[in-house]
Amino acid sequence: MVSYENIYPGISYTTRLPSSYAPSISGYQASAGHLGMALDARTANQLGDLNIKLNPGEKVVEIQGIQARTMESIPDPHLDEIRRLTKLTGVKPTLHGPMLEPSGVGEQGYTEENRLGIQRQIESAVVRAHKLDPKGNIPVTFHSTAALPELRPHIMEQDKEGKSTKVEQGILVVNEDTGQFQFLRPEKRYFPEGGEFTGKPIKFDSATEINRVNEDQWSRNISELNYYSNLGENIIQNLKENYSEDIYKQIGKIDPKNITDPQDRERYDQLMRAALHGQSYFRNSYRMMKQLFDAAYKNVDDKDKKELEEFANKAKKIVEQKGIETDLARLDQLRLVVDEGLKTLSHLKPQMFKPLDQFVIDKSAQTFANVAASAYEKFGETAPIISIENPPGGQGISTAEDLVELIEKSRSELKKNLVEKKHLSQSEADAIAKKMIGATWDVGHINMMRKKGYTEEDIVEQTKKIAPFVKHVHLSDNFGLDHTELPMGMGNVPLKKMMDEIKKAGFKGEQMVEAGNWWEFFSTQGGGNPFIPSLEGMDSPIYAMQNAPTWANAGRYGAYYVGHGAVNPAVHHSLYGANFQNLPVELGGEIPGDKGRFAGTPNQ
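Calculation notes
Residues numbered from 1 in each chain as written. Predicted model: local features only at pLDDT ≥ 70, side-chain atom pairs only at ≥ 80, totals over all residues. Heavy atoms only, no water. Helix = DSSP H or I, 4+ residues; strand = E, 2+ residues; numbered from the N terminus. Contact = heavy atoms within 4.5 Å. Areas by Shrake-Rupley, 256 points an atom, 1.4 Å probe, with all protein chains shown as cover. Pairing = 2+ DSSP bridges. Axes fitted to C-alpha atoms, helices over the stretch in contact; angles between N-to-C directions. Salt bridge = Lys/Arg side-chain N within 4 Å of Asp/Glu carboxyl O. Buried < 20%, exposed > 50% of the residue type's maximum accessible area, 1.4 Å probe, protein only. Arc of directions from axis to C-beta. 1 Å grid on protein atoms, 1.4 Å probe; cavity = no way out; pocket = protein on both sides within 12 Å on 5 of 7 lines; lining within 4 Å. Points joined across faces, edges and corners; volume = space filled by probe spheres on them. Nonpolar A, V, L, I, M, F, W, Y, C, P; charged D, E, K, R; others polar. Phe/Tyr/Trp six-rings, centres within 6.5 Å; stacked < 30°, edge-to-face > 60°. Core = buried A, V, L, I, M, F, W, Y, C linked by side-chain atoms within 4.5 Å. Parallel < 35°, antiparallel > 145°, perpendicular 65-115°, else oblique. Polar contact = N/O pair within 3.5 Å; in protein donor to acceptor, adjacent residues only side chain to side chain. Patch = residues over 30% accessible without salt bridge, like charges linked within 9 Å, V, L, I, M, F, W, Y side chains within 5 Å. Lys, Arg positive; Asp, Glu negative; His and termini not counted. Charge placed at Lys NZ, Arg CZ, Asp CG, Glu CD. Expected span 1.5 Å × (residues − 1).

J.: So what exactly am I meant to see when it comes to the overall build of the chain here?
T.: Along the backbone of the chain there are 19 helices and 15 strands. Here the contacts in the chain between residues at least 6 apart in sequence split such that 73% fall between residues at least 24 apart. For the chain, the accessible area works out to roughly 29,700 Å², and carbon and sulfur atoms hold 50% of it.

J.: Please explain the sheet that holds strand S10 (residues 180-184) as it appears in this structure.
T.: Strand pairing in a sheet relies on backbone hydrogen bonds. The paired strands run either parallel or antiparallel. A sheet is described by the order of its strands in space; here three strands give the open sequence S10-S9-S11, paired in antiparallel fashion. The sheet is open, and its two borders are formed by S10 and strand S11 (353-355), each paired with just one other strand. Ignoring which end each strand starts from, the neighbouring axes of this sheet average 35 degrees apart. Alignment of strand S9 (residues 171-175) against S10, held across five bridges, turns out to be antiparallel. Directly across from Ile171, in S10, lies its bridge partner Leu184. Packing of helix H6 (residues 206-242) onto the sheet brings it into contact with S9, S10 and S11, and relative to S11 it is tilted by some 165 degrees.

J.: Could you clarify how one ought to interpret the sheet that holds strand S3 (residues 92-96) in this entry?
T.: Around the barrel, which closes on itself, the eight strands sit in the order S1-S2-S3-S6-S12-S13-S14-S15 with parallel pairing between neighbours. Direction aside, neighbouring strands of the sheet carry axes that sit 30 degrees apart on average. Across five bridges, the pairing between strand S2 (residues 60-64) and S3 is parallel. When the bridges of S3 are listed, Val60 appears paired with Lys92.

J.: Can you walk me through the pairing of strand S8 (residues 164-168) in this structure?
T.: Where a strand is regular, its side chains alternate between the two sheet faces. Bridge count for strand S7 (residues 154-158) against S8 is five bridges, and the pairing is antiparallel. Pairing of Ile155 across the sheet is with Val167, part of S8. Remark: five residues form the turn of the hairpin made by S7 and S8, two consecutive strands paired antiparallel; Gly162 in that turn has positive phi of roughly 85 degrees.

J.: Even after reading the chapter, I still don't get the pattern of salt bridges, so can you show me in this structure?
T.: Charged atoms that come close allow side chains of opposite charge to pair. Counted under the stated rule, the structure contains 31 salt bridges. Salt-bridge contacts for Lys53 lead to Asp49; the nearest nitrogen and oxygen are separated by 2.9 Å. Placement of the pair is Lys53 and Asp49 together in helix H2 (residues 46-53), with a separation of four residues, close to one helical turn. As far as burial versus exposure is concerned, Lys53 and Asp49 are alike and both buried. A salt bridge links Lys415 to Asp430, with the shortest nitrogen-to-oxygen separation between them at 4.0 Å. Pair noted here: Lys415 is in helix H12 (residues 400-421) and Asp430 is in helix H13 (residues 426-436), with a separation of 15 residues, a long-range link. Residue classification places Lys415 among the partly exposed residues on the basis of a relative accessible area of 23%. Salt bridges sharing partners connect three or more residues here, namely Glu187, Arg189, Glu209, Arg212 and Asp216.

J.: Could you clarify how one ought to interpret helix H16 (residues 495-504) in this entry?
T.: Listed in full, the buried residues belonging to H16 are Leu495, Met498, Met499, Glu501 and Ile502. Down the axis of H16, the smallest arc covering the buried residues is 155 degrees, so these residues share one side. Against strand S13 (437-442), helix H14 (443-447), helix H15 (456-466), strand S14 (470-475) and strand S15 (510-513) lie the buried residues of H16.

J.: Which parts of the structure should I look at to understand empty space enclosed by the protein?
T.: If you roll a probe as big as a water molecule over the atoms, it shows you where there is empty space left. Here the structure, examined in full by the defined rule, presents four cavities of 30 Å³ or more. When its volume is computed, the second largest cavity comes out at roughly 50 Å³. Along the walls of the second largest cavity sit Asn137, Tyr376, Gly380, Glu381, Ala383, Ile432, Lys435 and Met436, which together make up its complete lining. The element contributing the most residues to the lining of the second largest cavity is H13, with three residues. In the lining of the second largest cavity, the residues fall into four nonpolar, two polar and two charged.

J.: Explanation requested: the packing of aromatic side chains in the structure shown.
T.: Geometrically, a pair of aromatic rings is defined through the distance of the ring centres and the angle of the planes. Tallied over the entire structure, the rule returns six aromatic pairs. Ring centres of Tyr110 and Phe359 lie 5.1 Å apart, and the angle between their planes is 90 degrees; this geometry places the pair in the edge-to-face category. Note that Tyr110 is positioned in strand S5 (residues 109-110) and Phe359 in helix H11 (residues 356-379), a separation of 249 residues in sequence. Residue Phe359 is classed as buried on the basis of its relative accessible area, which comes to 6%. Centre to centre, the rings of Phe142 and Phe368 are 6.5 Å apart; their planes meet at 40 degrees, and the pair counts as tilted.

J.: It is not clear to me how the nonpolar core should be interpreted in this structure. Could you clarify?
T.: Generally speaking, nonpolar side chains in soluble globular proteins are found buried as a group. Leu414, Met436, Trp441, Val443 and Ile466 are the most contacted members of the largest nonpolar core, which has 95 residues in total. Element by element, the count of residues in this core is highest for H11, at 12 residues. Once you skip the residues sitting within four places of it in the chain, Ile466 turns out to touch Ala400, Leu403, Val404, Ile407, Ala439 and Trp441. If you look at the next biggest cluster of nonpolar residues, it comprises 40 residues, including Ile171, Leu184, Val213 and Phe282.

J.: Is there a simple way to explain the pairing of S13 in this structure?
T.: Taking burial as the measure, the six residues of S13 include six buried ones, the bulk of the element. Both strand S12 (residues 385-389) and S13 contribute to a ladder of four bridges, which runs parallel. Residue pairing across strands places Ser387 opposite Gly438, the latter belonging to S13. Bridge analysis of S13 against S14 gives four bridges, and the strand direction is parallel. If you follow Thr440 over to S14, its bridge partner there is His472.

J.: Before we go on, may I ask you to explain the packing of H12 against H15 in this structure?
T.: When two helices pack together, you describe them by how their axes are tilted relative to each other and by the distance separating the axes. Between H12 and H15, the least distance of the axes is 9 Å, while the angle of their chain directions is 10 degrees. When the axis of H12 is compared with that of H15, the two are roughly parallel. On the side of H12, the interface is formed by Ala400, Glu401, Leu403, Val404 and Ile407, while H15 contributes Gln462, Lys465 and Ile466. Among the residues forming the contact of H12 with H15, the class breakdown is five nonpolar, one polar and two charged.

J.: Is there a simple way to explain the side chain of Asn390 in this structure?
T.: Its place among the elements puts Asn390 in the loop between S12 and H12. Given the relative accessible area of 0%, Asn390 is considered buried. Polar contacts involving the side chain of Asn390 include one to the main-chain amide nitrogen of Asp442, which spans 2.8 Å. Contact partners of Asn390, with chain neighbours within four places excluded, come to Ser144, Ser398, Leu403, Thr440, Trp441, Asp442, His445 and Ile446.

J.: Just checking my understanding: could you explain a negative patch on the surface for this structure?
T.: There is a patch of like negative charges on the surface, built from Asp301, Asp302, Glu309 and Glu310. Its location among the elements puts Glu310 in helix H9 (residues 302-319).

J.: Help me out: how do you make sense of helix H4 (residues 76-89) in this one?
T.: In an α-helix, one full turn covers 3.6 residues, which means residues spaced three or four apart are oriented alike. When the terminal C-alpha atoms of H4 are compared, their 20 Å separation across 14 residues agrees well with the 20 Å that a helix rising 1.5 Å per residue should span. If you check which residues of H4 are buried, you get Leu79, Ile82, Leu85 and Thr86. One side of H4 holds all its buried residues, which, seen down the axis, span an arc of 125 degrees. Exposed side of H4, more than 90 degrees from the buried face: Pro77, Lys87 and Leu88 are the residues found there. Tucked into the core, H4 has its buried residues touching H2, S2, S3 and helix H5 (112-132). Taken from the residues just after H4, Gly90 is the one with a positive phi, measuring 70 degrees.

If you want it as structure tokens, here you go:
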């Protein structure tokens, strides 16, 4: 006979439900003492939200300043009070800094002014974070990019054995001189360049395509320079053939006031117009040549730079004299400089366009390294940790490979800064750089790469690559197709495999629950605090000794993971009575209320 207790099990202090009934929904069991909760990112009243989120007994909280405006709206007295409150309750604070583009790249291109402005905003967030934990190294999370598109679009294709292969779908490039972008998309090309003609489209290769674009662009620049130079050359040649070898030199010395004969005056005017046209073409050519010289010098190797330097030293003897562009008598010298410049530049292959991802990584590393150096200057060994987060899969710098490159570049820049300006040894600077700059790995964000064809094994492999750099973890679940943030166990994020890889690499940081969609869709249905279903989903032990009972057995099991509401409706206890009905669930009570053990429960 089915008893009342079988239907409404509540909690047992001596036994736990079979694992077949109450397994770890996510496959990964985590202690509640190592789990934290991100506060509501929609409000600047982080102090007020902190008071609410402390009720279930979290030991870590993440203050939210993810929107720059929100971060700027959090009063300093609130940060001071948050510090006092977390210290009083034994809770560790972390901070999610504003989501800004650290590279300074925007919709209109790149400007150094924009990068410096963002650097100051990030630095301000780090300085304010130190208020929350002045004696520790508080982790401060910043996204690697802020809404930049995928810089190297690609998909994954699987062969018959299930092995994944990355297939490029184009690449974004940047002209560093202008700061403007261009997207190189795969085009069907058939002409054989260095191979046999097959009649089939040549496979897209980003490096080959960038070289082609650079060669085409430089060829157009040289052709334009050559065009104007030839126009000037033709005019000068015509003057020499029809008049005399040095007629253009004489023109500049003739005073038109002394010409009284109408025919001589007309002849002089014709010669002057021709000479001025020739001079105008060579002047334009000269200025264009200087621009191309500057562009080439910044984008060629050392060998070609040496050749450019030799030309510059030779031309200097001519161009340093005043009047090279305006004195008709020196038109032949101007022509000579342009001709020599054209010969020097024509065979070069400067890389004007470069992969945008490399540009973004370089500029972002500069920003993060500068902020870290400033923080170390101010706070020394207690400086906050800059933890760079992977954005949602499919955005810029969202793969493990890109994030590793950004972190290593940032550390290298910081190390260089500390050695040169603080006069630290290489080993000291290296240790500080590794301590101060790392990764926040968002397991939900990387899982979104499934929409690009990544398999579960690919997601785990991404985690394995970033694992040695991880200092902080964000926990949210989804189905790999959109940016949803559900408690763990509600989607298909392979959490256990991912956390196993991270912990094997020595991870000892905090694991923060980020479940924004829970607030959005379930806050009016009794699920306003996603920390409880997160504890259930990861089958966290209720007590510090890490034994049964666990949160999955605490009477609320089924409320979020079975799909038909709470198995043990609280109203039944009010109607029929039960022992300890007013105790909190984690202490054995039968009514899952909205208060924690320290929140003024009746048993106090």
